[in-house]
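Here are the chains, one letter per residue:
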Amino acid sequence: MESGASSGNGRHPEVMEESWFSQFRNSPNPWMARYVYGLMFLITNLLAWAVRDYGRGALTEMERLQGCKGVRDCLGAEGVLRVSLGCFTFYFIMFLSTAGTSKLHKPRELWHSGWWSAKIILWVALMMLPFLVPSAFIQLYGEIAHFGAGVFLLIQLISIISFIKWLNDCCHSGKYADRCHIHVMLLATTAYVICIMGIILMYIWYVPEPSCLLNIFFITWTLVLLQLMTSVSLHPKVDEGFLTPGLMGLYVVFLCWCAIRSEPPEDRCNQKAESATKADWLTIISFIVALIAMVIATFSTGIDSKCFQFRKDDTQAEDDVPYGYGFFHFVFATGAMYFSMLLIGWNTHHSIRKWTIDVGWTSTWVRIVNEWLAACVYLWMLVAPIIWKSRQTGEST
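Residues numbered from 1 in each chain as written. Predicted model: local features only at pLDDT ≥ 70, side-chain atom pairs only at ≥ 80, totals over all residues. Heavy atoms only, no water.

**Focus: the environment of Met-127**
Argument step 1. Positionally, Met-127 belongs in helix H8 (residues 116–128).
Argument step 2. In sequence terms Met-127 and Thr-44 are 83 residues apart; their C-alpha atoms lie 8.4 Å from each other.
Argument step 3. Met-127 has contacts with Thr-44, Leu-47, Val-83, Gly-86 and Cys-87, leaving out every residue within four places of it along the chain. (Helix = DSSP H or I, 4+ residues; strand = E, 2+ residues; numbered from the N terminus. Contact = heavy atoms within 4.5 Å.)

**Examining the packing of aromatic side chains**
Argument step 1. Taken as a whole and judged by the stated rule, the model has 22 aromatic pairs.
Argument step 2. Aromatic pair Phe-90 and Tyr-91: ring centres 5.1 Å apart, planes at 80 degrees, arrangement edge-to-face.
Argument step 3. Site record: aromatic cluster; members linked through ring pairs are Tyr-37, Phe-41, Phe-90, Tyr-91, Trp-116, Phe-328, Phe-332 and Phe-339.
Argument step 4. One cation-aromatic arrangement involves Lys-119 over Trp-111; the distance from NZ or CZ to the ring centre is 5.6 Å. (Phe/Tyr/Trp six-rings, centres within 6.5 Å; stacked < 30°, edge-to-face > 60°. Lys NZ or Arg CZ within 6 Å of the ring centre and 35° of its normal.)

**Notes on the nonpolar core**
Argument step 1. One finds Tyr-37, Met-40, Phe-41, Phe-90, Tyr-91, Tyr-338 and Phe-339 to be the most contacted residues of the largest nonpolar core, which totals 56 residues.
Argument step 2. Elements with a contribution of two residues or more to this core: helix H4 (30–54), helix H6 (74–98), H8, helix H9 (135–172), helix H13 (281–302) and helix H14 (325–343).
Argument step 3. The element best represented in this core is H14, accounting for 13 residues.
Argument step 4. Sequence-distant contacts of Tyr-91, that is, excluding residues within four places in its chain, are made with Tyr-37, Met-40, Phe-41, His-329, Phe-332 and Ala-333. (Core = buried A, V, L, I, M, F, W, Y, C linked by side-chain atoms within 4.5 Å. Buried < 20%, exposed > 50% of the residue type's maximum accessible area, 1.4 Å probe, protein only.)

What follows is the structure in structure tokens.
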């Protein structure tokens, strides 16, 4: 995206010289617009968290939110879903109104990059409107949000794998091969060292006794996946080297760690989670970092539409849009469903403590399945070209 950024800046030379406030008010700029949308998404996340942890008293006074079926903390979960619904509706409207935009200075491009007063009014209205919707509809949205969050995870997974493969291809291209050889070896070695250290630490922290069979299975299977990805990548017919399996290893180890960390604090095998039940400074910092990381992940995935194009075209005209506007807003729409699932632990009737995020057995299994899916998708991207080539050879003969 760096080349795109530079070309985008070249298309707006008079705009880039102005202040950010002047750009915001007067000059439609797609590069600045994405940061404004990201900021709006962050504010929505903070609003959903505030409603969950501190808005229970206010929500109790609203008669329309009295369908909680006896669950003590479900008003907080409903509040998260209502904020999520407003955020989803806003970005889905933006998706419908900008999908297919291909040229700059067209009405839909100007709507994406400008008209901020109208869009902020629309955003605020959509944040308030879901609080007037019946509880039954919110519960239905909560069920649909499970699938939307799954779509977001799949998009994010493909984006991460595509970035890893792009980085590997750049390092092994003729232009950078000699210069990057040492850097590739150092990066791959560092990745494998961190993976092994992470697996050892997970055994130490999350397997305090031999009866913790589930955690033993999760961690051991992660080690097996790391070995499997490395073996396939080093196969003579694949020959992708150590870099991509090392970086994918970091990702699957991270997902395994997140999955075990999501186990309920009451589980005796997750002794580390006991400290998470207290709202100390470390818990608060961890929560804030997790929240910001979620927003950054949504933002970075949203501008990476090229990895989902079936036909790659590196040529770009001067008046082409710098990134896919429709895809950008679609990712944020599914991201709205994703953050609601994290804040309620993927369970619309789940009681969740303050300053916690993505806690519960449902969250654990979502992370584990995501880890296994990541390994499967990566392995398929390695072997698919070989299978496709062999089939073409067989048909030609």
